[in-house]
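# Structural overview
Listed below, chain by chain, are the residues.
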Amino acid sequence: MKKSLKITSVILAFILIALLLGGCKGPDSTDVVPSSVAVAVSKNLLTGSLSLNSSALNNAIRDAAMNVGSKVSGVIIDGEPAIFADHVVEADANNNSASRRRQIAANTVNAFGKAISAVTPSAGEIDIIEGLNLSIDAMSSSNASGNRYIYVLSNGLSTSGIFDFNDYSVFESDVDRLADEGSKYLKDCSNITFYWLNIGDVNTAVQDKFDVTQQKMLMQLYTRLIENRGGTVQFLSDKSNKPVDTSGYPSCTPVYVPRNTISGSVVSTKLSEETVGFRPNTAELIDEASAKSAIKSLSEELATRPDTVNLVGSTASYGDTSNCLALSVARCEVIRNILIEQGISPDRIRIYGIGRGESSSFRVKDTDDSGRLIENEAKKNRFVLVTTEDVSSKI
């Protein structure tokens, strides 16, 4: 739903209009196909940082500002998503100089950045699906026939609308199924490339951090959601070290993060079969480099602590009990070796293998009354838990 914005945002939007109308290629430049760029910004109390200086983002805005017929739009994602900038680049014969066009395009990037910085949410909660839909609408209304890009600056959290993460408990859900159910509410994304920045960047004063597994779950959720509707998505690593000043923002409900997270005095992370890429029923990694990358931030956190690191291995309730125990220990050994390689002393690491131990408090029931495996539940039991908590009484 569109809404009124603060006066400062409106003024900046008018500045942006002036720059866009004057910052285009002249009549002699007909070799470039105009493109459409939308920037969807999620600004709320849970926002940690926004990569407004991303070179990919700014280059896309600059390139569009150089080309007659291109369209640049800005959308704020909160409980009532709104368009705060929506402009088509028109021809102006007075600006045929290439250097002049480049200068005005650079000014356009600066003005757009200021407009994003100035716009503030009027509704505290976050409706990310409606925000994406509004961005698609803004782009679809363009006559530009070239590339179609949507840059999403968001930590990925949604607290209202179709995707209310507290209703779905997303970090304990089958994210592929969740994406499949939610994709019918997302508009057609055909021929649109999404570039996502700041996934997982949260305001830790309000919102618990995600571990590497949970961040990958968010990326998996949005990748499948967008691809189901015909689009593609890339997650960019451009990071901003400057936190967003959220003072004065309306309240927003924090998203529940399960205990497998880095918070407080305990580090506790579940590395699933998908997270680190084990081949089924083996302790062999599918992609060792990817697994090491997934564990790196966890190792960096553990390196700052003196605690004993406990590795707890579990498998689904399938096959011989002793074989399951051996597999769970073998997978723990693989994780142990990666942690040691990334700087954790082997003297600090203790391994517990529970295999298919049904009595463990870390596992869920994954068979029906007839003893048949329930795959959706079995997935939850295939993990290596890395924790600084004393778990000896819970095995």
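These notes cover the structure that comes with them. Computed from a predicted structure; not experimentally measured.

This part takes up the pairing of strand β11 (residues 383-387). Buried residues dominate β11, accounting for 5 of its 5 residues. Where burial is concerned, the two faces of β11 agree: the one with Phe-383, Leu-385 and Thr-387 and the one with Val-384 and Val-386 are both buried. In this sheet, β11 lies alongside strand β9 (residues 309-314) in antiparallel orientation, the contact comprising 5 bridges. Note on β11: the bridge partner recorded for Val-312 is Leu-385.

Moving on, we come to the environment of Thr-204. When you line up the elements, Thr-204 lands in the loop between β5 (193-197) and α7 (212-228). Taking the C-alpha atoms as reference points, Thr-204 and Thr-47, separated by 157 residues in sequence, lie 8.9 Å from one another.

The next subject is the packing of aromatic side chains. This model, assessed by the stated rule, comprises 6 aromatic pairs. Seen from their ring centres, Trp-196 and Phe-235 are 6.0 Å apart, and the 35° between their planes marks the pair as tilted. Taken as a pair, Trp-196 in strand β5 and Phe-235 in strand β6 (residues 232-235) lie far apart in primary sequence, 39 residues in all. Residue class for Trp-196 comes out buried when judged on its relative accessible area of 0%. By the ring-pair criterion, three or more aromatic residues cluster together here, those being Tyr-149, Tyr-151 and Tyr-195. Lying over the aromatic face of Phe-383, Lys-270 brings its terminal NZ or CZ to 4.6 Å of the ring centre.

Another aspect to go through is helix α6 (residues 175-182). Taken residue by residue, α6 has Val-175, Leu-178, Ala-179 and Gly-182 as its buried positions. Viewed along the axis of α6, the buried residues span an arc of 100°, placing them on a single side of the element.

Taking 1.5 Å per residue as the helical rise, helix α3 (residues 98-118) with its 21 residues ought to reach 30 Å, and the 30 Å between its terminal C-alpha atoms agrees with that figure. What α3 keeps buried is the set Arg-101, Ile-104, Ala-105, Thr-108, Val-109, Ala-111, Phe-112, Ala-115, Ile-116 and Ala-118.

With that settled, consider the sheet that holds strand β3 (residues 82-88). Ordered by their spatial adjacency, 6 strands build an open sheet running β3-β2-β1-β4-β5-β6, and the pairing between neighbours is mixed. Both outer strands of the open sheet, β3 and β6, are each paired with one neighbouring strand and no more. Direction aside, neighbouring strands of the sheet carry axes that sit 15° apart on average. Direction of pairing for strand β4 (residues 148-153) relative to β5: parallel, over a ladder of 5 bridges. The residue bridging Tyr-151 from the neighbouring strand is Tyr-195, located in β5.

All chains considered together, the criterion is met by 16 salt bridges. Between Lys-187 and Asp-137 there is a salt bridge; the shortest N-O distance is 2.8 Å. You can see Lys-187 sitting in the loop between α6 and β5 and its partner Asp-137 sitting in helix α4 (residues 128-140), a full 50 residues away along the chain. For Lys-187, a relative accessible area of 35% gives the class partly exposed. In this structure, Arg-279 engages Glu-284 in a salt bridge whose closest nitrogen and oxygen atoms are separated by 3.3 Å. For Arg-279, a relative accessible area of 36% corresponds to the partly exposed category. Take Glu-284: its relative accessible area is 44%, and that puts it in the partly exposed class.

A few words now on the packing of helix α2 (residues 55-65) against α3. Relative orientation and spacing of two packed helices are given, respectively, by the angle between their axes and the distance between those axes. One way to put it is that α2 packs onto α3 with a least axis distance of 8 Å and a crossing angle of 130°. By the criterion of interaxial angle, the relationship of α2 to α3 is oblique. In terms of crossing hand, the pair formed by α2 and α3 is right-handed. Contacts from Asn-58, Ile-61, Arg-62 and Ala-65 in α2 reach Ala-105, Ala-106, Thr-108, Val-109 and Phe-112 in α3. Residue composition of the contact of α2 with α3, by class: 6 nonpolar, 2 polar and 1 charged.

Right, let's talk about the nonpolar core for a bit. Core analysis: the biggest nonpolar cluster contains 64 residues, and Val-39, Tyr-151, Phe-165, Phe-194, Leu-221 and Tyr-222 have the highest contact counts within it. In this structure Tyr-151 touches Val-37, Ala-38, Val-39, Ala-40, Ala-56, Leu-57, Ala-60, Tyr-195, Leu-197 and Leu-236, once residues within four positions along its chain are discounted. By size, the runner-up hydrophobic cluster in this structure holds 21 residues, among which are Leu-285, Leu-302, Val-384 and Val-386.

Here Gln-234 shows up in strand β6. Here Gln-234 falls in the partly exposed class, since its relative accessible area comes to 42%. Other than its neighbours up to four places away in sequence, Gln-234 contacts Phe-194, Tyr-195 and Trp-196.

Moving on, we get to the packing of α6 against α7. Relative to each other, α6 and α7 sit at 35°, their axes nearing to 8 Å. For the pair α6 and α7, the sense of crossing is right-handed. Counting all contacts with α6, which are made through Val-175, Asp-176, Leu-178, Ala-179, Asp-180 and Gly-182, the residues of α7 involved are Met-217, Gln-220, Leu-221, Arg-224, Leu-225 and Asn-228. Split by residue class, the contact of α6 with α7 holds 6 nonpolar, 3 polar and 3 charged.

The rules behind these values
Residues numbered from 1 in each chain as written. Predicted model: local features only at pLDDT ≥ 70, side-chain atom pairs only at ≥ 80, totals over all residues. Heavy atoms only, no water. Buried < 20%, exposed > 50% of the residue type's maximum accessible area, 1.4 Å probe, protein only. Helix = DSSP H or I, 4+ residues; strand = E, 2+ residues; numbered from the N terminus. Pairing = 2+ DSSP bridges. Phe/Tyr/Trp six-rings, centres within 6.5 Å; stacked < 30°, edge-to-face > 60°. Lys NZ or Arg CZ within 6 Å of the ring centre and 35° of its normal. Arc of directions from axis to C-beta. Expected span 1.5 Å × (residues − 1). Axes fitted to C-alpha atoms, helices over the stretch in contact; angles between N-to-C directions. Salt bridge = Lys/Arg side-chain N within 4 Å of Asp/Glu carboxyl O. Parallel < 35°, antiparallel > 145°, perpendicular 65-115°, else oblique. Left-handed = near helix turned anticlockwise from the far one by under 90°. Contact = heavy atoms within 4.5 Å. Nonpolar A, V, L, I, M, F, W, Y, C, P; charged D, E, K, R; others polar. Core = buried A, V, L, I, M, F, W, Y, C linked by side-chain atoms within 4.5 Å.

Bear in mind that shape data such as this cannot, by itself, settle questions of function.
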